[in-house]
Structures are given as C-alpha cells and as structure tokens.
Amino acid sequence: MLKTLLSPDTCAECRNCCIFEEKSAWEVPAFPESAVRKLKDKPEYKIRKDGTKFRIELPYGETHSAQPCPFLNSQTGCTLSPEEKPFACSVWPIRIMTDSCGRPALTLYNGCPGITSDMIPELKKLLDSGLRERIFSELKRDPTLLLPYHPNYIFL
Ligand code: SF4
Ligand code: SF4
C-alpha cells in the first residue's frame, strides 16, 4: 500500500484490501516462489507459474464468497516479509494497465476511500518524485504487473 499517503485509520475502517471477491480474482497479485512454497500443505490453493512468478487460485468453492489472500492474518495483516510481498501490494491502489493504445499506464482504483480525488495532485507529486520510474522499472523485471484495463480504475 502507498503508506506515505494512506491513513492507517481509514484503512482500519475500510479493510477492503487483501480480500478478493470472485469477480475480482484477476486482481490477486503474482507471488514469488518463496511465498507459494508456504502453501505446499494447503491443497485448496491451486498454483500455476506465470513468468518468473506464481499465480494462486483462491478456493471460492460453491459458496463463491470473497476469499482472503492466503498470506493475510486477519489480526496482524500481511504475513509476508518485505522481500516476498508482491510489488503490486506495495503500490496499491495504483496499478499498471494498458491504455487505449495498448501501452502500459498508471491507474488508480477509484473505490479506495484512502485516496480521494482531492488527493490526486499529492499522489502525482509522489509519482513525479521517482515512484513512476520505480514502478515502470519493476514492470520491466516483472511483466505480470501489467493488467488489462478495468473500468473501476482511472488513468493517472
Ligand atoms: S481500499 Fe484503500 S482505504 Fe481501503 S484498506 Fe485498501 S488501501 Fe486502505
Ligand atoms: S500479499 Fe500481503 S499485502 Fe498482498 S494481498 Fe496478500 S496479504 Fe495483502
């Protein structure tokens, strides 16, 4: 998460992160091998390789109810180390999506109450201070960060 802009109080009240409805399963990030190895005794999670990373299929079953990320502890939050945590999680609610010309572009999830429209100038300042370059250089290392455009996001 973009901790420099997000208020811990807003996040604590919202708690929308790290839990995925079935229709949002495409938003589950890709994980490094060291993280998915921790799921070896949990056959309910189906895992498949995607480039150098791994995708986890969450067990929606017949109830189709929202599922937490397997690395979420409901009391303490994310249990992965900073090295294992997907880069996508560290920059949430920013994502990289393809624009109308098929090029990678930065987008913001418009359902995050932690970054409201009046905060966009501040967010852009943060991007201009080096974050934009960092995100695009991560994309070169990890193409799984690029997602198709979804209307829940606005281009930055
Ligand atoms: S959606 Fe936004 S406000 Fe809600 S928990 Fe996630 S980062 Fe925090
Ligand atoms: S890896 Fe951590 S931060 Fe990312 S979705 Fe899972 S619990 Fe949340």
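In this convention, every chain numbers its residues from 1, walking through the sequence in written order. Ligands are numbered from 1 and chains lettered from A, in the order in which they are written. Note on the predicted model: pLDDT of at least 70 is required for a residue's local features to be given, and 80 or more for side-chain atom pairs to be given and counted; whole-chain, interface and lining totals, by contrast, use all residues.

Caption draft 1: Structural view of the domain arrangement of the protein. Examined at the domain level, the protein breaks down into domain 1 (1–17 + 92–156) and domain 2 (18–80). Each of domain 1 and domain 2 has a C-alpha centre, and these two points are 21 Å apart. Two residues qualify as being in contact provided that their C-beta atoms, derived from the backbone, are within 7 Å of each other. Counting from both sides, the interface comprises four residues of domain 1 and, opposite them, five residues of domain 2. Classification convention: Asp, Glu, Lys, Arg as charged; Ala, Val, Leu, Ile, Met, Phe, Trp, Tyr, Cys, Pro as nonpolar; all other residues, Gly among them, as polar. Of the residues contributing to the side of domain 1 that touches domain 2, the split by class is two nonpolar, one polar and one charged. A domain assignment, automatic or from a database, supplies the domain bounds used here.

Caption draft 2: Broad picture of helix α4 (residues 120–141). Between the first and last C-alpha of α4 there are merely 27 Å, a value that for 22 residues lags more than 12% behind the 32 Å anticipated at 1.5 Å per step. One fitted axis covers the seven residues ending at a residue, a second covers the seven starting there, and the bend at that residue is the angle between these axes. Under the DSSP-based scheme used, a helix requires at least four consecutive residues in state H or I and a strand at least two consecutive residues in state E, with every element numbered from the N terminus. At aspartate 128, α4 shows its maximal bend, which comes to roughly 70 degrees. For a helix, the expected span equals 1.5 Å multiplied by the residue count minus one.

Caption draft 3: Molecular detail of the site of ligand 2. By nearness alone, every residue bordering ligand 2 is listed as Cys17, Cys18, Pro29, Cys69, Phe71, Leu72, Cys78, Leu80, Lys85, Pro86 and Cys89. Here the shell around ligand 2 is composed, by residue class, of ten nonpolar, no polar and one charged. We call a residue near a molecule or strand when the C-beta position, derived from backbone atoms, sits within 6 Å of it.

Caption draft 4: Local environment of the site of ligand 1. Ligand 1 sits among 13 residues. The nearest are Cys11, Cys14, Cys17, Cys112 and Gly114. Taken together, the residues of the shell around ligand 1 break down into nine nonpolar, three polar and one charged.

Caption draft 5: Fine view of the pairing of strand β8 (residues 104–109). DSSP calls a pair of strands paired once it identifies at least 2 bridges connecting them. Sheet topology note: the strand β7 (residues 94–98)/β8 ladder contains five bridges and is antiparallel. Each residue of the ladder has a partner; that of isoleucine 96, found in β8, is leucine 106. Connecting β7 to the antiparallel partner β8 that follows it, the hairpin turn spans five residues, and glycine 102 within it adopts a positive phi of roughly 85 degrees. The pairing of β8 with strand β10 (residues 153–155) spans three bridges and is classified as antiparallel. The residue bridging leucine 108 from the neighbouring strand is isoleucine 154, located in β10.

Caption draft 6: Quick peek at unusual backbone geometry. Note that the residue after tryptophan 92, namely proline 93, is joined by a cis bond; omega there is 10 degrees. With respect to the secondary-structure elements, proline 93 resides in the loop between α3 (87–90) and β7. One non-glycine residue, arginine 15, lies in positive phi territory at about 50 degrees. Locating arginine 15 in the fold gives a position in the loop between α1 (8–14) and β1 (19–20). One non-glycine residue, histidine 64, adopts positive backbone phi at about 55 degrees.

Caption draft 7: How the structure looks around the sheet that holds β7. Across the sheet, four strands lie side by side as β9-β7-β8-β10; this open sheet has mixed pairing. Strand pairing shows two members of the sheet lacking a second neighbour, β9 (146–147) and β10, which therefore form its edges. Inspection of the sheet shows β7 paired to β9 by two bridges, in the parallel sense. Note on β9: the bridge partner recorded for methionine 97 is leucine 147. Contacts from α4 reach β7, β8 and β9 within the one sheet, and its direction differs from that of β8 by about 115 degrees. To obtain each axis, a line is fitted to C-alpha atoms, and for helices this fit is confined to the stretch in contact; angles are then taken between N-to-C directions over 0 to 180 degrees.

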